[in-house]
Amino acid sequence: GVYRVSFSKEGYQPFLKEIEVTGSRELTLQEPVILQKISCQNIDCFNQELLDYFGIGDYYNALLTAMKSVEFADNNFKGLDAQMALAYNNLGFVHFKMDNPKEAERAYIQALQIWEETLGSDHPNVGASLNNLVALYEKIGDYEQAERYSKRSDPKAPDICNTIQGKVLSIKCY
């Protein structure tokens, strides 16, 4: 008989297709089903997409997503906002992983400045941001800068570095 089959996946437009099944209990499609991705409309969506790309090691698409997230934040948040800082932090992390130290530094510093202004210098996000900068400077061999940011870090700050949306993506912290 003829059946209506719905294909769906979170973050994608569902796809409805009529399929005729004849004689066999096994269903084989003649052509592939391609689901259309729903475009992100909030920071959480961009962060999840970014984590998904990291999960499969696709840093190129992670970078594109991080750039879209920053653009979205810049266009949708009035003034400085902690969500904007998160978008910059995530962009910095992607650049860090892709060995683009200048771009990582620029994004991490932007995130740090916004978090300090919006959340205060004793907030855990500020400490994590300082740790991200320390890790970056250690990685490129700029130990003077690493020490400078390390001294600014609050000893009560969480011992995490290289984070996206609060998830630790590296266990090596400085």
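What counts as what
- Residues numbered from 1 in each chain as written.
- Predicted model: local features only at pLDDT ≥ 70, side-chain atom pairs only at ≥ 80, totals over all residues.
- Heavy atoms only, no water.
- Helix = DSSP H or I, 4+ residues; strand = E, 2+ residues; numbered from the N terminus.
- Contact = heavy atoms within 4.5 Å.
- Areas by Shrake-Rupley, 256 points an atom, 1.4 Å probe, with all protein chains shown as cover.
- Buried < 20%, exposed > 50% of the residue type's maximum accessible area, 1.4 Å probe, protein only.
- Salt bridge = Lys/Arg side-chain N within 4 Å of Asp/Glu carboxyl O.
- Axes fitted to C-alpha atoms, helices over the stretch in contact; angles between N-to-C directions.
- Parallel < 35°, antiparallel > 145°, perpendicular 65-115°, else oblique.
- Left-handed = near helix turned anticlockwise from the far one by under 90°.
- Nonpolar A, V, L, I, M, F, W, Y, C, P; charged D, E, K, R; others polar.

Peer 1: I would appreciate a short explanation of the overall build of the protein in the present structure.
Peer 2: Per the secondary structure count, the protein includes six helices and four strands. Overall, the protein shows an N-to-C arrangement of helices and strands of β-β-α-α-α-α-α-α-β-β. Of the contacts made within the protein by residues no fewer than 6 positions apart, 50% connect residues no fewer than 24 positions apart. In the structure as shown, the protein presents an accessible area of about 10,600 Å², 49% of it carried by carbon and sulfur atoms.

Peer 1: Looking at this structure, I do not really get the environment of A62. What am I missing?
Peer 2: Assignment of secondary structure puts A62 in helix α2 (residues 59–76). Taking the relative accessible area as the measure of exposure, A62 reaches 0% and is therefore buried. Sequence-wise, A62 and F93 are 31 residues apart; in three dimensions their C-alpha atoms are separated by 10.0 Å.

Peer 1: Explanation requested: unusual backbone geometry in the structure shown.
Peer 2: Positive phi values are uncommon outside glycine, yet D99 reaches one of about 60°. Relative to the helices and strands, D99 is located in the loop between α3 (82–97) and α4 (101–119).

Peer 1: Sorry if this is basic, but what is going on with the pattern of salt bridges here?
Peer 2: When the charged atoms of two side chains with opposite charge come close together, those side chains can pair. By the definition in use, this model includes three salt bridges. Note that E116 and R152 form a salt bridge whose closest N and O atoms lie 2.3 Å from each other. Separated by 36 residues along the polypeptide, E116 in helix α4 and R152 in helix α6 (residues 143–152) bring together distant segments of the chain. The class of E116 is partly exposed, set by a relative accessible area of 25%. Exposure remark for R152: the relative accessible area of 40% places this residue in the partly exposed category.

Peer 1: Can you walk me through the packing of helix α5 (residues 124–140) against α6 in this structure?
Peer 2: Here α5 crosses α6 at 165°, and the two axes come no closer than 8 Å. By the angle between their directions, the pair α5 and α6 is classed as roughly antiparallel. The element α5 and its partner α6 pack so that their crossing is left-handed. Contact residues: α5 offers L130, L133, V134, Y137 and E138, while α6 offers Y143, Q145, A146, Y149, S150 and R152. For the contact of α5 with α6, the per-class residue count stands at seven nonpolar, two polar and two charged.

Peer 1: Before we go on, may I ask you to explain the packing of helix α1 (residues 43–55) against α2 in this structure?
Peer 2: Between α1 and α2, the least distance of the axes is 8 Å, while the angle of their chain directions is 170°. Taken together, α1 and α2 sit at an angle that is classed as roughly antiparallel. Taken together, the residues of α2 that come into contact with α1 (itself represented by I43, F46, E49, L50, Y53 and F54) are Y59, N61, A62, T65, A66, K68, S69, F72 and A73. When the residues that make up the contact of α1 with α2 are grouped by side-chain class, the tally is ten nonpolar, three polar and two charged.

Function cannot be inferred from these measures alone, as they are strictly geometric.
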